[in-house]
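For reference, the chains in residue letters:
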Amino acid sequence: MGAKRKKSEGKELLNEGEKENDKNNENISKKMKKEILPSMIKNKEKRSAVHAKLKHQKKVEKRKKLKARDAAEKRALELGEEPPARKTPRTIENTREPDETVCRPDDDELFAGNDADEFSSILKQGCAPKILITTCRFNSSRGPAFISELLTVIPNSHYYKRGTYDLKKIIEYAKKKDFTSIIVVHTNRREPDALLIIGLPDGPTAHFKLSKLVLRKDIKNHGNPTGHIPELVLNNFATRLGHRVGRLIQSLFPQSPEFRGRRVVTFHNQRDFIFFRHHRYIFETKESKGSDADGKKAKDAKSEKTSQQKVITRLQECGPRFTLKLVSLQHGTFDTKGGEFEWVHKPEMDTSRRRFFL
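Calculation criteria
Residues numbered from 1 in each chain as written. Predicted model: local features only at pLDDT ≥ 70, side-chain atom pairs only at ≥ 80, totals over all residues. Heavy atoms only, no water. Helix = DSSP H or I, 4+ residues; strand = E, 2+ residues; numbered from the N terminus. Buried < 20%, exposed > 50% of the residue type's maximum accessible area, 1.4 Å probe, protein only. Contact = heavy atoms within 4.5 Å. Areas by Shrake-Rupley, 256 points an atom, 1.4 Å probe, with all protein chains shown as cover. Core = buried A, V, L, I, M, F, W, Y, C linked by side-chain atoms within 4.5 Å. pLDDT = per-residue confidence, 0-100. Pairing = 2+ DSSP bridges. Lys, Arg positive; Asp, Glu negative; His and termini not counted. Salt bridge = Lys/Arg side-chain N within 4 Å of Asp/Glu carboxyl O. Axes fitted to C-alpha atoms, helices over the stretch in contact; angles between N-to-C directions. Parallel < 35°, antiparallel > 145°, perpendicular 65-115°, else oblique. Left-handed = near helix turned anticlockwise from the far one by under 90°. Nonpolar A, V, L, I, M, F, W, Y, C, P; charged D, E, K, R; others polar. Phe/Tyr/Trp six-rings, centres within 6.5 Å; stacked < 30°, edge-to-face > 60°. Lys NZ or Arg CZ within 6 Å of the ring centre and 35° of its normal. Polar contact = N/O pair within 3.5 Å; in protein donor to acceptor, adjacent residues only side chain to side chain.

1. Let's talk about the overall build of the protein
Part 1 of the reasoning: Along its length, the protein carries 7 helices and 11 strands.
Part 2 of the reasoning: Expressed as a percentage of its 358 residues, the buried residues of the protein come to 31%.
Part 3 of the reasoning: Of all intrachain contacts in the protein linking residues separated by at least 6 positions in sequence, the fraction that spans at least 24 positions is 67%.
Part 4 of the reasoning: When the accessible surface of the protein is totalled, it reaches about 25,400 Å², and 51% of it is carbon and sulfur.

As structure tokens, then:
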């Protein structure tokens, strides 16, 4: 009898151990199911279904958060309190790597350098900018169209055919004729692909890669610019290098804009890409109809329609539209052999998406 009882007790203990193992295995399998990602599923249909489900869940959670935030703001306004501060979204721009060369408003050394650099005479309106625009030796069919639009954008600019002249001879000729800058439009495979901006008489020389060029005729509902001097807008040139490039671009335009022309030229730097846009702003008067009643609850009161004039402002793009990326900045005028470079972009410098130089 005792032996039988021992055997039965041993079986019960084994059964209990097996049950515990089964429970543990179930918990592990549940956790595994929760942690399964769509990339771990080999079946395409199941993978797409799991991905769609996860995407829908994220969307629902986002909506709930937005509704809760709006309700909290509404409640705070009703109680006369300040609404809770909104969180700033994390972007590549506001999470950029810290840079020691970022300009500060209390940097006396920077302002002292501005008074003594190559652009001070033009930016202080000591002399008017005069620009010479030319091409590379092998010109394309689309290059002259781009240059003709550049001539309408930059005031007091003149186009000279390149011919077979060397660029150093062109620089000497421009110095004699009192030009302040030279712009060389480089083309490759019938498409402008680079800009070379040379400051005269002492430099510097900036080499830009040009991309995504859209001419005026290809822009929908474009406007035709007038001959007035445009306003110049420079955005996000934050570092020492960006400040220097911004002053080089600024030296191409006169510092006395004519606001009657309503022209705006914008160079917007974002992630070291300089976006160029040319607009004119238009003021339009539109009539908005409204009804005025003598009493709110009076049935016999007739509503009188009154017209009110509103002034609406809108932008009209004049073109061209293109994007620049700085390749190199050189001391002095153009010199390929003995030139000293201030900054050159190299592939090994692109170590992070959040590292910017301008």
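2. Considering the environment of Ser 120
Part 1 of the reasoning: Within the element layout of this structure, Ser 120 appears in helix α4 (residues 120-123).
Part 2 of the reasoning: Exposure remark for Ser 120: the relative accessible area of 13% places this residue in the buried category.
Part 3 of the reasoning: Placed 127 residues apart in sequence, Ser 120 and Arg 247 show a C-alpha to C-alpha distance of 9.0 Å.
Part 4 of the reasoning: The contacts of Ser 120, once residues within four sequence positions are left out, are Asn 114, Asp 115 and Arg 247.

3. Here's the deal with the nonpolar core
Part 1 of the reasoning: Among the nonpolar cores identified, the biggest contains 37 residues, and Phe 146, Phe 208 and Val 245 are the most heavily contacted of them.
Part 2 of the reasoning: Look past the residues within four positions of Phe 146 in its chain and what remains in contact with it is Val 185, Pro 192, Leu 195, Leu 210, Leu 213, Leu 215, Pro 320 and Phe 322.
Part 3 of the reasoning: Leu 132, Ile 170, Ile 171 and Ile 198 belong to the second-largest nonpolar core, a separate cluster that totals 11 residues.

4. So, the confidence of the model for the protein
Part 1 of the reasoning: Chain-level statistics for the protein give a pLDDT mean of 84 and a share of 85% at 70 or above.
Part 2 of the reasoning: Segment residues 1-7: pLDDT under 50, and 0 contacts once partners within four positions in sequence are set aside and those in other chains are kept.
Part 3 of the reasoning: This model gives residues 291-304 a pLDDT under 50, and the stretch forms 9 contacts once residues within four places in sequence are excluded.

5. Details of helix α7 (residues 240-250)
The periodicity of an α-helix, 3.6 residues per turn, causes residues three or four places apart in sequence to face the same way.
Part 1 of the reasoning: When you tally the buried positions in α7, you get 8 out of 11 residues, the bulk of the element.
Part 2 of the reasoning: Looking at α7, one finds that the buried residues are Leu 241, Gly 242, Arg 244, Val 245, Gly 246, Arg 247, Leu 248 and Ile 249.

6. As for the pairing of strand β5 (residues 205-214)
Part 1 of the reasoning: Relative to β5, strand β4 (residues 191-199) runs antiparallel, the two sharing 5 bridges. What sits directly across from Ile 197, in β5, is Ala 206.

7. Considerations on the side chain of Glu 149
Part 1 of the reasoning: The topology assignment puts Glu 149 in helix α5 (residues 143-153).
Part 2 of the reasoning: For the buried Glu 149, no salt bridge is present, and the opposite-charge side chain at shortest range is Arg 216, 4.7 Å distant.
Part 3 of the reasoning: For Glu 149, the contacting residues outside a window of four places in its chain are Leu 215, Arg 216, Lys 217, Gly 319 and Pro 320.

8. Remarks on the packing of helix α3 (residues 108-116) against α7
Part 1 of the reasoning: With their axes 12 Å apart at the nearest point, α3 and α7 run at an angle of 25° to one another. It follows that α3 is roughly parallel to α7 by the angle criterion. Between α3 and α7 lies a crossing whose hand is right-handed. Taken together, the residues of α7 that come into contact with α3 (itself represented by Glu 109, Leu 110 and Asn 114) are Arg 240, His 243 and Arg 247.
Part 2 of the reasoning: Considered class by class, the residues forming the contact of α3 with α7 number 1 nonpolar, 2 polar and 3 charged.

9. Describing the packing of aromatic side chains
Part 1 of the reasoning: Within this structure, the stated rule accounts for 8 aromatic pairs.
Part 2 of the reasoning: When the ring of Phe 253 is compared with that of Phe 267, the centres are 6.3 Å apart and the planes differ by 65°; the resulting orientation is edge-to-face. With a gap of 14 residues between them, Phe 253 in the loop between α7 and β7 (263-270) and Phe 267 in strand β7 connect regions that are remote in the sequence.
Part 3 of the reasoning: A relative accessible area of 3% means that Phe 253 is categorised as buried.
Part 4 of the reasoning: Among the residues examined, Phe 267 registers a relative accessible area of 6% and is labelled buried.
Part 5 of the reasoning: By way of ring pairs, the aromatic residues Phe 146, Phe 253, Phe 267, Phe 276 and Phe 322 are connected into one cluster.
Part 6 of the reasoning: The ring of Phe 179 has Lys 130 sitting right over it, with the charged end atom 4.6 Å from the ring centre.

10. Observations regarding the pattern of salt bridges
Part 1 of the reasoning: Inspection of every chain in the model, using the stated rule, returns 12 salt bridges.
Part 2 of the reasoning: The partner of Arg 244 in a salt bridge is Glu 118, with the nearest N and O atoms 3.0 Å apart. Pair noted here: Arg 244 is in helix α7 and Glu 118 is in the loop between α3 and α4, with a separation of 126 residues, a long-range link.
Part 3 of the reasoning: For Glu 118, a relative accessible area of 31% puts it in the partly exposed group.

11. Quick notes on the environment of Lys 175
Part 1 of the reasoning: Within the secondary structure, Lys 175 is located in helix α6 (residues 167-176).
Part 2 of the reasoning: Sequence separation of Lys 175 and Pro 201 is 26 residues, and the distance between their C-alpha atoms is 6.3 Å.
Part 3 of the reasoning: Leave out the neighbours within four places in its chain, and Lys 175 touches Leu 200, Pro 201 and Thr 333.
Part 4 of the reasoning: Side-chain polar atoms of Lys 175 contact the backbone oxygen of Pro 201, separated by 3.5 Å.

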